Amino acid sequence: MIDFKLKYQATIFLNANDIGATQKNISDLMMDFSDKGFIPNIFQEITNLNPQPQNRFRLQASNSEWIINIGSLRIDIEKNPIDMKGANLGGELDFCKDVTDFFARILKRFPRKASRLAFVSRFLLDEMSKEQLEGAYNKLFNSPNIYTQNKPFEWNWRTAARIEKEICDKKEEFNFVTTVNRVNGEIKNGNQLSLLDRIEFNFDINSIPFNSESRFGNEEIKYFFDNVYTWHEDIKNEMANFLK
C-alpha cells in the first residue's frame, strides 16, 4: 500500500513568542537536546498578526531528518526522509513517542499549555496500472461528461469531517482532513531519472481552531500522541481499501 513515506509532522499551538532566537534560549535548548546532536538554526516566520518576517529559533539534525521550528504561535516537529522512500521515518507510533518526548523537553524548559494539537502525514502509494489509477478517480469523483469521457491524468480530492474524541476524559472535537491526489513528476534515484505517476495521501488530524483556551499540558499532549496514531491508521487503511 504505502511505498514512499514523505513526511510526518506534529504541532502544538501555543503562545511561544518569548521563546525567541536569543543566546540564552538557544543555549538552554541545545543543552536540553544535547543527546540528539541537533544543531541550532534560524528560520523566518510570517504570521497574520505580524506580516514582517521575524527570525525564529530552529533545532535540526545535521541531515535535516528532524526539524523543530519554534514559532511565535506554534511549535512544529518534522521528520523527513533521508533516503528516496523515507525508510528512516519508521512507523507512526515511533514518531509519536519521539515527539511526545521532544515536546516534554521544551515545555519543561518553558512551562505553558497549548490550545491546539495536530498530526500530519504524507505518503505515496504503490505503483498502479493506468486502469487502477483511473478506477481510483471514478470511486472518488462524480464528474461531468468532459472528464468522464476524457480521463484526467492529474486530480485533487479533499474532504474534512469533525469527529469527537476524548483527551484525558474530556471530550474534544477534531478535524479529520484527508487529501488524495494523483501526482505526476520525475524522481531521481542516484543517477537515474524516472517518471512518477502515483496516488498521494495526505492526512491532517487537528483539534478545532474555535476553542482558543490553553488547556493541553504535558499530560494531554502525551495522551493525544499516544492515541492519534491509531486514529490515523484507521483512516489510512479505510482510504486504501476504498481505492482498491
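Let us look at the structure shown here. (Residues numbered from 1 in each chain as written. Predicted model: local features only at pLDDT ≥ 70, side-chain atom pairs only at ≥ 80, totals over all residues. Heavy atoms only, no water.)

## Section: unusual backbone geometry
Note the following rule: Secondary structure elements are defined from DSSP: runs of H or I of at least 4 residues count as helices, runs of E of at least 2 residues count as strands, and each element is numbered from the N terminus. The buried label goes to any residue with under 20% of its type's maximum accessible area, the exposed label to any with over 50%, and the partly exposed label to all in between, with areas taken from a 1.4 Å probe on protein chains only.
Positive phi outside glycine occurs at S64, with the angle close to 65 degrees. If you trace the backbone, S64 turns up in the loop between β3 (54–60) and β4 (66–70). Among the residues examined, S64 registers a relative accessible area of 30% and is labelled partly exposed. With a phi close to 55 degrees, C168 is a non-glycine residue in the positive phi region. In this structure, C168 sits in the loop between β7 (155–167) and β8 (170–189). Assessed through its relative accessible area of 19%, C168 is described here as buried.

## Brief notes about the side chain of N175
Our working definition: Two N or O atoms form a polar contact when they lie within 3.5 Å of each other; inside protein one atom must be a possible hydrogen donor and the other a possible acceptor, and for residues adjacent in sequence the pair counts only when both atoms belong to side chains. Pairs of residues are marked as contacts when any of their non-hydrogen atoms sit within 4.5 Å.
Along the chain, N175 turns up in strand β8. Judged by its relative accessible area of 14%, N175 falls in the buried class. A polar atom in the side chain of N175 sits 3.4 Å from the side chain of R162. With residues near it in sequence (within four places) discarded, N175 still touches A161, R162, D204, I205, N206, S207, I208 and P209.

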